[in-house]
Amino acid sequence: FAAIHLPPLGVLRAERTRVFWTSCLESPMPTFFIEQFGCRATQADGAALERQLRGRGCTVAPQAAAADFVVINTCTVTAAADAQARESIRKLHAQNPAARVIVTGCYAQRAPEELAALPGVSWVVGNSHKPQIPDLVCSLPATQFPASPANFVPTGALFAGAMTAQHAALLSAPILTGDIFEQKLFLAAPVLGGEGNHTRPVLKIQDGCNSRCSYCVIPFVRGKSRSLPPASVIEELQRLSAAGHREMVLSGINLGAYGRDLSPRVEFIDLLRRILHHTGVERLRISSIEPMDVTRDLIALFASTERIARHFHMPLQSGADRILAAMHRWYRAEHYARRVELIREHLPHAAVGADVIAGFPGETDADHAATLAFIERLPFTYLHVFSFSSRPGTRAATLPNEVPAATIKQRARELRALGESKSAAFRRSQIGRTLQVLTLRRDADAASTPALSSNYLKVSVDGVWPPNHPLDVHTSGENGSCLVGHSADSPL
């Protein structure tokens, strides 16, 4: 990494403060818009940036076309995600050529030069320096933004191109060489959008990953595992509870690794116990967690309380041991199966979902058949199926025996059909039961209200109910992919 000579940190901080407030006093703060792509972790980063920018006096524009500057928060998990980001940047520039575009996120960390070359891009800011975006935005009035092409690419080298010494000092990070992810800054703010339209906030409590699955680029663009301290987690959840939210979702890149980087070390299960003891969260939902982190004790905790949703999402990726080894996954098919069986023993009606990759290099027809058979025999309730996408810099990108695209497409189609069959079977098994649900926001002219059950089923509840309302609903049938039912309580 390129080294940059800087003044002492105390002088640097004083200069940052002086420049920031001088800019604030000399001209109005600019308007901004954040366009999100990718996973919940990326969305959480965007929510944190929005909170910080609002706190500094910036105003959210109603749409990208009306903003002084736009933050494009990218994903790079697949080639399709990269293409989607590039297309969005081109459209944005055509619609609002005066806007200054900051491209950040995982794609920005992986390939800044590609993005910097796109018309309209003013800055490319890697994940390593994403926390400094508010400094960047607030350092210049909107009318003084530098023109394209991009002139701020702080991934490997902190700056590419010319900036004034004043603004270079303002935006410089404390760690400029070596491992760029050694910094302890953690972007975290609840994501209030998405499913349910502000009903179920998502809080990122862990970021980064220390594993090296051969197909995954995320450890290279998000860095080592790091955790939001327990006190901060509790504080955020207490704030959300006080605001009236009934269900919160905990998310992370590798959620089971939570707390292993903290001193003193904190286990994920201990954090859950603290949340149950110190907050009034009515229902806590856990996002994706690695199968080896789903222990007997964790399952027992889920079974001991109604306040944790009956829902496990455990990435599988393949049911063939040979492919799991090539993927550098830390388990084999029967290890995974035992976790599912333990869940079903303790929580017979829990949702159990999995991610599966179709067409990993070297995957044979026999490997694919083994995956189908493995999924068929276990009580999965839904699948997320991904077609393999080679990512530059990963071990899988160098493997021989690529699977033809047509074969990948066919295998993904078969896996999705199996997933739909498993979902339908689980949904029908719940007809006639009383489910705990949380109502979501409904369409204005709808005669029923959508809801989500503890075990992750969509339920259409008879009558008009306010969003964010807990109900016990007796299910009586299904309508497409949704259960239908009624509550003994009186609707609005």
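Heads up: the structure comes first, above all this text.
Residues numbered from 1 in each chain as written. Predicted model: local features only at pLDDT ≥ 70, side-chain atom pairs only at ≥ 80, totals over all residues. Heavy atoms only, no water.

*Asks:* Got a minute to help me understand the packing of helix α9 (residues 230–242) against helix α10 (residues 268–278) in this structure?
*Replies:* For any two helices packed against each other, the geometry is given by the interaxial angle and the distance between the axes. One can describe the packing of α9 onto α10 by two numbers: an axis separation of 10 Å at closest approach and a directional angle of 40°. Taken together, the axis directions place α9 and α10 in an arrangement best described as oblique. Two packed elements cross with a definite hand, and for α9 against α10 that hand is right-handed. Of α10, the residues touching α9 (which contributes Pro230, Val233, Ile234, Leu237 and Gln238) are Leu271, Arg274, Ile275 and His278. (Axes fitted to C-alpha atoms, helices over the stretch in contact; angles between N-to-C directions. Helix = DSSP H or I, 4+ residues; strand = E, 2+ residues; numbered from the N terminus. Parallel < 35°, antiparallel > 145°, perpendicular 65-115°, else oblique. Left-handed = near helix turned anticlockwise from the far one by under 90°. Contact = heavy atoms within 4.5 Å.)

*Asks:* Would you mind showing me how to read the pattern of salt bridges here?
*Replies:* When the charged atoms of two side chains with opposite charge come close together, those side chains can pair. Applying the stated rule across the entire model yields 30 salt bridges. Two residues, glutamate 236 and arginine 239, come together in a salt bridge whose shortest N-O distance is 2.8 Å. Taken together, the residues span about one helical turn, with glutamate 236 and arginine 239 both in helix α9 at a distance of three residues. Of the residues examined, glutamate 236 reaches a relative accessible area of 8% and is grouped as buried. The partly exposed category is assigned to arginine 239, whose relative accessible area is 40%. A salt bridge links glutamate 306 to arginine 310, with the shortest nitrogen-to-oxygen separation between them at 3.6 Å. Residue class for glutamate 306 comes out partly exposed when judged on its relative accessible area of 47%. Because the salt bridges share partners, they merge into one network encompassing Asp45, Lys130, Lys204, Asp207, Arg222 and Arg226. (Salt bridge = Lys/Arg side-chain N within 4 Å of Asp/Glu carboxyl O. Buried < 20%, exposed > 50% of the residue type's maximum accessible area, 1.4 Å probe, protein only.)

*Asks:* Is there a simple way to explain the state of the cysteines in this structure?
*Replies:* The bond known as a disulfide is covalent and runs between the sulfur atoms of two cysteines. Inspection of the entire model under this criterion finds zero disulfides. Between cysteine 209, a free cysteine, and cysteine 213, which holds the nearest cysteine sulfur, the sulfur-to-sulfur gap is 6.5 Å. (Disulfide = S-S within 2.5 Å.)

*Asks:* Just to check I follow, could you spell out the pairing of strand β6 (residues 202–207) for this structure?
*Replies:* In summary, the side chains of a regular strand alternate between the two faces of the sheet. Extensive coverage of β6 is indicated by the burial of six of its six residues. Note: β6 against strand β8 (residues 247–252), four bridges, orientation parallel. Each residue of the ladder has a partner; that of leucine 203, found in β8, is leucine 250. Relative to strand β7 (residues 226–227), β6 runs antiparallel, the two being bridged by two bridges. (Pairing = 2+ DSSP bridges.)

*Asks:* Just to check I follow, could you spell out the environment of isoleucine 286 for this structure?
*Replies:* In this structure, isoleucine 286 sits in strand β9 (residues 283–286). Given a relative accessible area of 4%, isoleucine 286 falls into the buried group. Isoleucine 286 sits 37 residues away from valine 249 along the chain, and the two C-alpha atoms are 5.8 Å apart. Excluding residues within four positions of it along the chain, isoleucine 286 makes contact with Leu250, Leu255, Phe268, Leu272, Phe302 and His311.

*Asks:* When you look at α10 in this model, what are you seeing that I'm missing?
*Replies:* Within an α-helix, residues lying three or four positions from one another point in the same direction, as the helix has 3.6 residues per turn. Taken residue by residue, α10 has Phe268, Ile269, Leu271, Leu272, Ile275 and Leu276 as its buried positions. In an axial view of α10, the angular spread of the buried residues amounts to 155°, which keeps them on one side of the axis. Of the surrounding secondary structure, the elements contacted by the buried residues of α10 are β6, α9, β8, β9 and α11 (296–304). (Arc of directions from axis to C-beta.)

*Asks:* Help me understand helix α2 (residues 40–55) in this model?
*Replies:* In a regular helix each residue adds 1.5 Å, so 16 residues correspond to 22 Å; α2 covers 22 Å between its end C-alpha atoms and thus fits that length. Turning to α2, its buried residues number three or more, namely Ala41, Thr42, Ala44, Asp45, Gly46, Ala47, Ala48, Leu49 and Leu53. The inward-facing, buried residues of α2 abut β1 (31–36), β3 (69–74), α6 (133–138), β6 and α8 (218–222). (Expected span 1.5 Å × (residues − 1).)

*Asks:* Sorry, what's going on with the sheet that holds strand β2 (residues 59–60) here?
*Replies:* Hydrogen bonds between backbone atoms are what pair the strands of a sheet, whose relative direction is either parallel or antiparallel. The five strands are arranged β2-β1-β3-β4-β5 in an open sheet whose pairing can be described as parallel. Both outer strands of the open sheet, β2 and β5 (121–126), are each paired with one neighbouring strand and no more. Packed onto the sheet, α2 meets β1, β2 and β3 and runs at close to 170° relative to β1. Helix-sheet contacts for helix α3 (residues 79–95) involve β1, β3, β4 (100–105) and β5, and the interaxial angle to β3 is about 170°.

*Asks:* For this particular structure, what's the right way to read the sheet that holds strand β14 (residues 448–453)?
*Replies:* Taken together, five strands build a closed barrel; the order of strands is β13-β14-β15-β17-β16 and the barrel is mixed. Within the sheet, the average angular offset between the axes of one strand and its neighbour, ignoring direction, is 55°. The sheet contact formed by β14 and strand β15 (residues 458–462) spans five bridges and is antiparallel. Following the sheet pairing, proline 450 is matched in β15 by serine 460.

*Asks:* What should I look at first to understand the side chain of arginine 310 in this one?
*Replies:* Mapping arginine 310 onto the fold places it in the loop between α11 and β10 (311–313). Using a relative accessible area of 16% as the deciding quantity, one classes arginine 310 as buried. Arginine 310 has contacts with Phe302, Ala303, Thr305, Leu347, Ala350, Ala351, Ser454 and Asn455, leaving out every residue within four places of it along the chain.

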